[in-house]
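Residue strings, one per chain:
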Amino acid sequence: MKQKNGILLTAVIILVSFVFIITVATVFNNIRNNLSSEVISSLEEEVEQNISLIRSEIEDKFVVLNSLAKELSSDENEEDAVDKMRVFEEVYNFRRMGYVNLDGIAKTTDGYEEDLSLTAIVEEGLAGKSYITTAIEDVLDDSHEKINVMSVPVYDSAHNVKGVIFAEYDSKLFHDLIFSHSMQREGFSYVVNMNGDIITSYGSDTSKDLPSIFSYTDNPEASDNGLRREVLSNMEAGIGDSGIGPNSEDTYFFYCYKPLKIESVDVQWYVFSVEPRDVLTRRMKPIMNDIQYLVIIIVGLFIVANLIYIYYNLKRRRELYQLAYVDPVTGGDNFAGFKQKVKELDNKSGYIVSVDLSEFKLINSVCGVEKGDEVLSEVWKIIKENCCGEEICARVNADRFIVFFAENKKEAVVLRLEHITRQIQTLSENLNVPRLFPVMGIYHTDSLENIDRCYGDALRAKSIVKGRRDKNYAFYDELDHDAIAMNQKLEESFDKALQNNCFEVWYQPKFDAHTEELVGAEALVRWRDEDGSLIPPGRFIPLFEKNGNIIKLDEYVFREVCRQQKQWERQGIKCIPVSVNISRFSLYYSNVVDKYKRIMQHYEVEPDCIELEITESATIENTEIAKLIGQFRDAGFKILLDDFGSGYSSLSTLNQMHFDTIKLDKSLVDFIGNDSGEKLLEFIIGLAHGLGIKITAEGVEEEKQVEFLKQLDCDDIQGYYFSKPLMCKAFESKLERRD
């Protein structure tokens, strides 16, 4: 087997090496082709630039000469014409200028007088044509410097040629125009006519005084005759070309040539640029060196990479184990790690305990997530320290933990859980956080084979004590299975009851604290069963909050109140505001404001007739509540803060969230008669009024409570002292009709 693996590995290495060599060769060839394309492209740009510069220079000079010729058309005196030309000569940097009469006698600005009748500049000028020479030697003096001569005809008033003016242009100025060249000055550029005469040139080979544009291809026996014929043919056709061609020394060069056309004068010139091929070789040499170094580096990296791969593969496996089985907050096992360890316990019997912290969200909201994580970590340590032997524990998620106690008696489990509870409660003071209250559900099992079902049963047991303060643990066998069956029945019949309008809206009146007049009401929901009996809200509201049906029920009640308000309006009954509860679960939906606004608009109910009540707990759990309250108020709703004082009230929220009314919970009203409680009520009502917020007292049942609230200038009172919740017809009888 090892031999086969060795052969396979050798084959893989050979294949990889072959692919690598082919890849390097391909890359090299691509680099060579790309560099060749870049050289040719550079030559083409160079030629275009030189054409533009030369054309601009020559056309500008012919414009000057034509302008001067027009001025001289009225002059009869040749001496005056020469005098005028001296000014132009100095301004436009001509070498010399001159005037030629019809006899071919030229007079120049520097005093020469010469017969030029047989020269092309005179012959072309007297024929009415503008003309420019190639690079020629100056024959008027002994300098023998290269010049280009431009000439234009001069016309009389009858538009007959009366003479020719010419200007000598130093060929070096043309030479300086062709300034762009590539390959570190190793190539050259030049301008030629159709005879191959060089007008001007620039580059490394100009020192050779090239006699012909075909200096690279002037050998008839060379292998470049095909290229030579092609160049001549293209020049005769007036087109250009670029590419790579051979020279007489069996080496190659890059070339580009294009025609130079000038509107001012009829010339047939071509601009050439040439670069030796060995420039490409020199360019590629450092690249090839780099490729060689790269190959060495790649081989070395290949070896190092394999070593690193082995190292990081092992490390990655450890990290994956951490991600899969270790909780990032506590550093202990997560639920997956717990289940993995359960498999090693060989189906021991014992108790599965589900643990969570009541109102833990408050710690994250008030103290911050970092403090919340610290609390979770400390709770984990306490639970872990109380496990012994083969007992295990883990954090499931959020503030939920799972524990396995290898105990046989309930009493022993209870004692251990009570000890854990006391230790967790001491964390509140140690960590300076709100009071921690663990809630626990316990399930006994003889087998850990189905741990998910065991944990689920422990969670169901925990629901017995959820929200209670007198007891924080419960065993699965304490569950009221009849109640569970009843809950299932209620869940299954919800949709049908909603369709058949089995949910009734009752109204609990609100009265002015001073005048005791009816000023509003709170809408409450009751469920009329098929037998005519009422199912109390405490039976189905918590259930629907758990399964999400509360959202549909909230919307149903709101629709019914809007419909009823519109009906009373049609009956001529005076409108008083009715507040509707909206649960914290409904507030988690982003379109809740638009939905309620559309319902109100559908029934054409004025916003003053509908108010919304939001519970105090919703302001803690939902971080977007301040934004939602603003959106509701913008839509025209008045917002009431319900059950204020029932939980962890934060007075700062009264300033952060703009409530129209706060409703004092019955637990605060019951403080009346207690000196500290009365001072607290006085402070809260004074603070609210100072912020422009109205106060409604809930659960008022005694006359002394009414009188005390009047003294504190409470706005509205709601409770059994004035009225219990009323059915719609009974409440309607208390409403006033409009005059």
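Residues numbered from 1 in each chain as written. Predicted model: local features only at pLDDT ≥ 70, side-chain atom pairs only at ≥ 80, totals over all residues. Heavy atoms only, no water.

A. The overall build of the chain, seen in detail. Across its full length, the chain carries 22 helices and 26 strands. When the 739 residues of the chain are sorted by exposure, 44% land in the buried category. Of the accessible surface of the chain, which amounts to about 38,900 Å², a share of 50% is contributed by carbon and sulfur atoms. (Helix = DSSP H or I, 4+ residues; strand = E, 2+ residues; numbered from the N terminus. Buried < 20%, exposed > 50% of the residue type's maximum accessible area, 1.4 Å probe, protein only. Areas by Shrake-Rupley, 256 points an atom, 1.4 Å probe, with all protein chains shown as cover.)

B. Representation of the environment of E407 in the model. Inspection of the secondary structure puts E407 in the loop between β15 (400-405) and α10 (410-431). Distance from E407 to H444, taken between C-alpha atoms, is 9.3 Å for residues 37 residues apart in sequence. Setting aside residues up to four positions removed in sequence, E407 forms contacts with G350, Y351, E391, A412, V413 and R416. Within polar-contact distance, the side chain of E407 engages the side chain of R416 at 2.8 Å. (Contact = heavy atoms within 4.5 Å. Polar contact = N/O pair within 3.5 Å; in protein donor to acceptor, adjacent residues only side chain to side chain.)

C. Spatial organisation of the sheet that holds strand β16 (residues 438-445). Spatially, the five strands line up as an open sheet ordered β14-β15-β13-β16-β17, and their pairing is mixed. Edge positions in the sheet fall to β14 (392-397) and β17 (473-475), since each of these pairs with one other strand and no more. Geometrically, the sheet is characterised by an average inter-axis angle of 20° between neighbouring strands, direction not taken into account. Here β14 runs beside β15; their pairing, made up of five bridges, is antiparallel. Across the sheet, R395 pairs through a bridge with F401, a residue of β15. Helix α7 (residues 335-342) contacts β13 (350-357), β14 and β15 of the sheet and is inclined by roughly 150° relative to β14. (Pairing = 2+ DSSP bridges. Axes fitted to C-alpha atoms, helices over the stretch in contact; angles between N-to-C directions.)

D. Geometry of the packing of aromatic side chains. For the coordinates displayed, the defined rule picks out 24 aromatic pairs. Measuring from centroid to centroid gives 6.2 Å for Y257 and Y270, while their planes differ by 50°, and the two rings are tilted. Of this pair, Y257 sits in strand β11 (residues 252-260) while Y270 sits in strand β12 (residues 269-276), placing them 13 residues apart in sequence. For the residue pair Y257 and Y270, the accessibility class agrees, reading buried in each case. Seen from their ring centres, F632 and F637 are 5.7 Å apart, and the 85° between their planes marks the pair as edge-to-face. Like F632, the residue F637 is buried in the burial classification. One aromatic cluster is present, built from ring pairs that chain together F494, F503, W527, F540, F544 and Y556. In this structure, R416 packs its charged tip against the face of F405, placed 4.1 Å from the ring centre. (Phe/Tyr/Trp six-rings, centres within 6.5 Å; stacked < 30°, edge-to-face > 60°. Lys NZ or Arg CZ within 6 Å of the ring centre and 35° of its normal.)

E. Structural view of helix α8 (residues 360-367). By the burial criterion, the buried members of α8 are F360, L362 and I363. Seen from one end, α8 has its buried residues packed into an arc of 145°, which puts them on one side. After α8 finishes, the residue G368 shows a positive phi value of roughly 100°. (Arc of directions from axis to C-beta.)

F. Up close: the pattern of salt bridges. With the rule as written, the count across this model stands at 40 salt bridges. The residue E390 makes a salt bridge to K348 at a minimum N-O spacing of 3.0 Å. Note that E390 is positioned in the loop between α9 (369-385) and β14 and K348 in the loop between α7 and β13, a separation of 42 residues in sequence. The class of E390 is partly exposed, set by a relative accessible area of 44%. Of the residues examined, K348 reaches a relative accessible area of 32% and is grouped as partly exposed. Overlapping salt bridges, with partners in common, bring together R95, R96, D110, D138, E145 and E168 in one network. (Salt bridge = Lys/Arg side-chain N within 4 Å of Asp/Glu carboxyl O.)

G. How the structure looks around the pairing of strand β1 (residues 96-100). Of all the five residues making up β1, five are buried; the element is thus mostly covered by neighbouring parts of the structure. Residues of β1 alternate between two faces, with R96, G98 and V100 on one and M97 and Y99 on the opposite face, all of them buried. With five bridges connecting them, β1 and strand β7 (residues 161-170) associate as antiparallel partners. Across the sheet, residue G98 finds its bridge partner in β7, namely F166. Judged from the three bridges that link them, β1 and strand β2 (residues 105-108) form a sheet pairing that is antiparallel. By the bridge assignment, G98 is partnered in β2 with T108. With antiparallel pairing between neighbouring strands as the criterion, β1 and β2 make up a hairpin whose turn holds four residues, including G104 at a positive phi of roughly 90°.

H. Quick look at helix α11 (residues 451-462). When the terminal C-alpha atoms of α11 are compared, their 16 Å separation across 12 residues agrees well with the 16 Å that a helix rising 1.5 Å per residue should span. Among the residues of α11, I451, C454, Y455, G456, D457, A458, A461 and K462 are the ones counted as buried. (Expected span 1.5 Å × (residues − 1).)

I. Focus on the state of the cysteines. Summed over all chains, the structure comprises one disulfide. Paired by a disulfide, C575 and C609 hold their sulfur atoms 2.1 Å apart. Here C575 is found in the loop between α14 (550-570) and β21 (578-581), whereas its partner C609 is found in the loop between α15 (592-602) and β22 (610-615), with 34 residues between them in sequence. C575 gets classed as partly exposed once you look at its relative accessible area, which sits at 35%. (Disulfide = S-S within 2.5 Å.)

J. Structural detail: the nonpolar core. Ranked by size, the top nonpolar core spans 77 residues in total, and within it F503, L553, F558, F632 and F637 carry the most contacts. With sequence-adjacent residues up to four places away left out, F637 is seen in contact with F558, Y596, K597, M600, I610, L612, F632 and D660. Listed in part, the 37 residues of the second largest apolar core include I58, I132, V191 and V265. (Core = buried A, V, L, I, M, F, W, Y, C linked by side-chain atoms within 4.5 Å.)

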